[in-house]
Every structure is written in structure tokens, then in C-alpha cells.
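Listed here are the chains, written in short residue letters.
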Amino acid sequence: MAAGDTPQTPTAIGSRRNFLNMALGTLTAIFSVSLLGPLFRFLWPRGDKSGGEGRIGIPAEEMLVGQSRIVLLRGEPVLVIRDNNMVVALSAVCTHLGCLVKYQGGGVVLCPCHAAAFDLSGNVTGGPAPRPLPSYPVKIEGNQIVIGRT
Ligand code: FES
């Protein structure tokens, strides 16, 4: 002990130790609770975000020939393309590093990140994408374009 230091009583040391133990316990509890949210979301993922049984309908008059749009189907972005009297639905997530792809017209789907290119079947036609884009079933019901399983 250096000169001028006040001696600490056992009570003061015990009190400081209690405070540190309580602070450490509180931080451990906060850290544990912060891990529970992602764990629960992993174990029990949220239900269908699109409603229904994993299908989504788009009024046909809202998608003219040559147009495309991205919709969410079960929380997954899906690129719906209406081109030359056919409608296709492909995953909008590039199989390279996960950027959202866009329809360029002329049957070409491009990824803006590293220029992967896909055809309307989802097949890779250029760039670094290692796999095709998964496709979704599409049909016309009345005046609705229905994407997803029935
Ligand atoms: S993320 Fe699409 S080409 Fe890289």
C-alpha cells in the first residue's frame, strides 16, 4: 500500500465485489436475451407473409406485356415477368452473392452487382452466377396472374 492510500475495509471490498458481480450478471443476462431473438426466429420462422397458402395474385391489367415486378412470396422476393404472352416467375435473388436481379427486356434478366445474366427460364447465360434462378409456378386464373403453389 502506498503512502496516502486509505486502507479499505472488508465491507468496502465486499460491497465493490457485489456491485461488480451484479453488473456482470446484468450484462450476461442482456447478452443472453439478445441471443434468444435470433434463435427463436431460426427455430420457429414466421409464417407465410404473402397470405393464403403461399400464393399471390396480381391483376393481369396491372402487368402489361414487357413489364416486370418483384413481389414477396413467403417472404422471398420473386421476379414476375410478362413477356410475349407468357408469364414467368423467378427468384429475384441472384445465385452469385444474393443481389436482386432485374428484367432488362428482350428475355434477359440481369444482376446489377456483377453482371450475371439469366434467360426467362432462369438459366445462367453469362457472368459469375453458379446456378440458375429457381422458378415458381405461374398460371392465369380469370384476370389474375397467380404465382405459387395451389
Ligand atoms: S450478386 Fe449477382 S452477379 Fe454477383
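Refer to the preceding data block for the structure.
Keep in mind that this is a model prediction, so the values were computed, not measured.

Here we look at unusual backbone geometry
The residue Arg74 is not glycine, and still its phi comes out positive at about 55°. Within the element layout of this structure, Arg74 appears in the loop between strand 2 (68-73) and strand 3 (76-83). Classification of Arg74 as partly exposed rests on a count of 17 C-beta atoms within 10 Å. The phi angle at Ala115 is positive, at roughly 65°, despite the residue not being glycine. Structurally, the position occupied by Ala115 is in the loop between strand 6 (108-110) and strand 7 (117-118).

Digging into the sheet that holds strand 9 (residues 135-136)
Note on sheets: strands pair through backbone hydrogen bonds, and any given pair is parallel or antiparallel. Pairing is antiparallel across the open sheet formed by four strands, whose spatial order is 2-3-4-9. If you trace the sheet from one side to the other, it starts and ends with strand 2 and strand 9, each paired once. Taken together, the six bridges between strand 3 and strand 4 (residues 86-91) define a ladder with antiparallel strand orientation. Counterpart to Val78 in the pairing with strand 4 is Ser91.

Criteria and thresholds
- Residues numbered from 1 in each chain as written.
- Predicted model: local features only at pLDDT ≥ 70, side-chain atom pairs only at ≥ 80, totals over all residues.
- Helix = DSSP H or I, 4+ residues; strand = E, 2+ residues; numbered from the N terminus.
- Buried ≥ 20, exposed ≤ 12 C-beta atoms within 10 Å, placed from the backbone.
- Pairing = 2+ DSSP bridges.

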